[in-house]
Amino acid sequence: MYSFLQHYWWFLVSLLGALLVFLMFVQGANSCMRSLGWTEEGKRLVVNSTGRKWELTFTTLVTFGGAFFASFPLFYSTSFGGAYWLWMIILFTFVLQAVSYEFQNKLGNLLGARTFQFFLVLNGLLAPLLLGGAVATFFEGSNFIVEKANLTDAGAIAPIISRWANASHGLDALLNPWVLVFGLAVVFLTRTLGILYVMNNVADEDIRSRGSVRLIGTVVPFVLLFVAYLVHLLLKDGYAWQADTGEIYMEPMKYWHNFTQMWYLLALLLIGVVLVLYGIGKTILTKNYVKGIWPAGIGTVLTVLALLLAAGWNQTAYYPSTADLQSSLTIANSCSSEFTLRTMAIVSLLIPFVLAYIAYAWHALDRKKIDKKEIAEGEAY
């Protein structure tokens with residue numbers, strides 16, 4: 001039962017992570033604000049399109065962190081407590097985003113609308129890059145050490161279980177070129193999803209015509225970066241652990257073995273990739289097609305879900321340590337107690353009702369497409 005609960009909660013955390021990547025189309029669209037909107041009026045159309053959804057993205061980020069803390073507290077203390085510079089920069093850009101939406105066109109704004117638009121673009125570039133880099137460390141590893149024996153040290157005033165092995169506190173991950181490759185792939189993915197969303201959500205022919213052209217410029221680098229990282233991932237040595245002893249060891253082509261041994265994850269990955277390419281391709285090739293965000297969005301969720309599940313299931317260390325191999329975190333050695341996981345599992349049965357409410361709110365917000373009339377009447381950020 002305990003093992004089932006560990007796998008169940010890793011699935012829920014992975015699903016939240018996959019939904020977060022999809023919802024970051026908000027950041028992606030903001031990063032394309034100038035090229036999509038072009039004029040001041042066009043930029044406001046883009047901002048008002050993403051402004052209806054930014055709270056969903058931020059809420060999902062917080063929920064993702066909360067679920068990780070509750071189900072795998074050792075990861076939370078190790079990553080959020082050790083790599084705090086990385087997470088602080090991410091959170092700071094989200095704070096800038098929230099402030100920018102509310103104050104860019106308010107009376108008395110001394111900084112000017114363009115300053116806050118710059119903050120939105122900054123969040124649109126940095127947040128996907130750093131969050132993508134953080135996810136890449138699930139496969140590439142991070143520089144930390146876990147010492148659970150400190151809990152039994154009678155002389156320790158405030159025992160510390162885990163610590164970062166250098167003073168960079170998470171920023172050193174960006175020195176790994178493969179972490180940057182994955183992070184940049186997420187940046188171009190969110191830009192692609194952002195363009196698809198704005199084309200669907202904004203009733204403006206100028207923006208839609210520019211969006212079709214801009215898609216090509218984002219899709220090409222995304223596909224190249226994602227394929228390069230996927231090939232690297234499937235061929236690289238991975239971090240495995242023994243079920244009976246908990247010992248961590250390196251296994252050649254571990255992630256390839258995960259996908260072949262768990263064929264349903266491979267099927268999920270392939271279906272997700274096909275849906276993403278279908279949504280993008282049909283939008284580019286079909287003049288009046290503006291619903292590409294839906295197949296591409298669903299495909300994104302399925303693809304990211306498959307990758308995250310492959311990082312933690314099948315006796316794989318989901319948060320490897322490059323400083324001390326045996327400090328690597330698995331769903332078995334970093335999870336909460338069986339009682340805690342079981343209690344939270346009962347509460348998690350409410351999740352479908354929450355998702356249904358989000359879908360209803362989404363439909364209500366998008367019932368009327370955003371247009372220039374809305375901007376002229378002052379119903380805008």
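See the structure shown above.
What you see as residue numbers is a count from 1 along each chain, following the sequence as written. At least 70 in pLDDT is required for a residue's local features to be given in this predicted model, at least 80 for side-chain atom pairs to be given and counted, and no such filter applies to totals for whole chains, interfaces and linings, which use all residues. Derived side-chain values reflect all non-hydrogen atoms in the structure, with water molecules and hydrogen atoms excluded from consideration.

## Digging into the pairing of strand 3 (residues 238–241)
Heads up, the condition is: For every residue, the accessible area obtained with a 1.4 Å probe (protein chains only) is divided by the maximum for its type, and the residue is called buried under 20%, exposed over 50%, and partly exposed between those limits. Each helix is a run of DSSP H or I of at least 4 residues and each strand a run of E of at least 2, with the numbering of both proceeding from the N terminus. What makes two strands pair is DSSP finding at least two bridges between them.
Taking every second residue as pointing to the same face, both faces of strand 3 are buried, with Gly238 and Ala240 on one and Tyr239 and Trp241 on the other. Sheet analysis places strand 3 next to strand 4 (residues 248–251), joined by four bridges and oriented antiparallel. Bridge pairing links Tyr239 to Met250 in strand 4. With antiparallel pairing between neighbouring strands as the criterion, strand 3 and strand 4 make up a hairpin whose turn holds six residues, including Gly246 at a positive phi of roughly 80°.

## Quick word on the packing of helix 1 (residues 2–23) against helix 14 (residues 338–347)
For clarity, the threshold we go by: Lines fitted to the C-alpha atoms define the axes, with helices restricted to the stretch that makes contact. Angles between their N-to-C directions range from 0 to 180 degrees. Angular relationships are summarised with four words: roughly parallel below 35 degrees, roughly antiparallel beyond 145, roughly perpendicular across 65 to 115, and oblique for the angles in between. For any helix crossing, the convention is left-handed if the near helix is rotated counterclockwise from the far helix by under a right angle, and right-handed if that rotation is clockwise. Here, residues are in contact when the closest pair of their heavy atoms is within 4.5 Å. Classification convention: Asp, Glu, Lys, Arg as charged; Ala, Val, Leu, Ile, Met, Phe, Trp, Tyr, Cys, Pro as nonpolar; all other residues, Gly among them, as polar.
Two elements in contact, helix 1 and helix 14, have axes separated by 10 Å at closest approach and are oriented at 55°. By the angle between their axes, helix 1 is oblique relative to helix 14. Of the two possible hands of crossing, helix 1 and helix 14 adopt the one that is left-handed. Between helix 1 and helix 14, the residues in contact are Tyr2, Leu5, Gln6, Tyr8 and Trp9 and Glu338, Leu341, Arg342, Met344 and Ala345, respectively. Partitioning the contact of helix 1 with helix 14 into residue classes produces seven nonpolar, one polar and two charged.

## Describing the nonpolar core
This is how the line gets drawn: As used in this record, nonpolar core signifies buried Ala, Val, Leu, Ile, Met, Phe, Trp, Tyr and Cys residues forming a set joined through side-chain atoms within 4.5 Å.
Core analysis: the largest hydrophobic core is formed by 101 residues, its most contacted members being Trp10, Phe68, Phe72, Phe138 and Tyr318. By residue number, the principal contributor to this core is helix 9 (residues 177–201), which donates 12 residues. The contacts of Phe138, once residues within four sequence positions are left out, are Trp10, Phe68, Phe75, Tyr255, Leu308, Ala311, Ala317, Tyr318, Tyr319 and Pro320.

## Here we look at the layout of surface pockets
Basically, it comes down to this: In the cavity and pocket records, a cavity denotes points on a 1 Å grid over the protein atoms alone where a 1.4 Å probe fits but cannot get out, a pocket denotes an open set with protein on both sides within 12 Å along at least 5 of 7 lines, and lining residues are residues with an atom within 4 Å of a point. Grid points are joined across faces, edges and corners, and a volume is the space filled by probe spheres set on the points.
Reported here for the largest pocket is a volume of approximately 1,000 Å³. Secondary-structure elements contributing two or more residues to the lining of the largest pocket are helix 1, helix 5 (54–71), helix 14 and helix 15 (351–365). Broken down by element, the lining of the largest pocket gets its largest block of residues, 10 residues, from helix 15. Looking at the lining of the largest pocket residue by residue, the classes come out as 24 nonpolar, seven polar and two charged. Estimates place the volume of the second largest pocket at around 470 Å³. Those elements that place two or more of their residues in the lining of the second largest pocket are helix 1, helix 5, helix 8 (113–140), helix 9, helix 10 (205–235), helix 12 (263–285) and helix 13 (293–312). Across the lining of the second largest pocket, the residue classes tally to 25 nonpolar, five polar and no charged.

## Topic: helix 11 (residues 254–261)
The condition is simple: Directions from the helix axis toward the C-beta atoms define the arc.
Of the positions making up helix 11, those classed as buried are Lys254, Tyr255, Asn258 and Phe259. When helix 11 is viewed along its axis, its buried side chains cluster within an angular range of 135° and face the same direction. Looking at the buried positions of helix 11, the neighbouring elements they touch are helix 8, helix 10, strand 3, strand 4, helix 12 and helix 13.

## Overview of the packing of helix 11 against helix 13
A packed helix pair is summarised by two numbers, namely the angle formed by the two axes and the spacing between the axes. Two elements in contact, helix 11 and helix 13, have axes separated by 10 Å at closest approach and are oriented at 110°. Judged by the angle between their axes, helix 11 and helix 13 are roughly perpendicular. In this structure, the crossing between helix 11 and helix 13 has a hand that is right-handed. Here Tyr255, Asn258 and Phe259 of helix 11 lie close against helix 13, whose contacting residues are Ala306, Leu307, Ala310 and Ala311. Each residue belonging to the contact of helix 11 with helix 13 can be placed in one class, and the counts come to six nonpolar, one polar and no charged.

## Observations regarding the environment of Thr93
Our working definition: Polar contact criterion, stated in full: a pair of N or O atoms within 3.5 Å, where within protein one must be able to donate a hydrogen and the other to accept it, and residues adjacent in sequence count only if both atoms are side-chain atoms.
Examined against the element boundaries, Thr93 turns out to sit in helix 7 (residues 84–103). For the pair Thr93 and Phe119, spaced 26 residues apart in the sequence, the C-alpha separation amounts to 7.7 Å. Sequence-distant contacts of Thr93, defined by excluding residues within four places in its chain, comprise Asn123, Leu126 and Ala127. Among the polar contacts made by the side chain of Thr93, one reaches the main-chain carbonyl oxygen of Ile90 at a distance of 2.7 Å.

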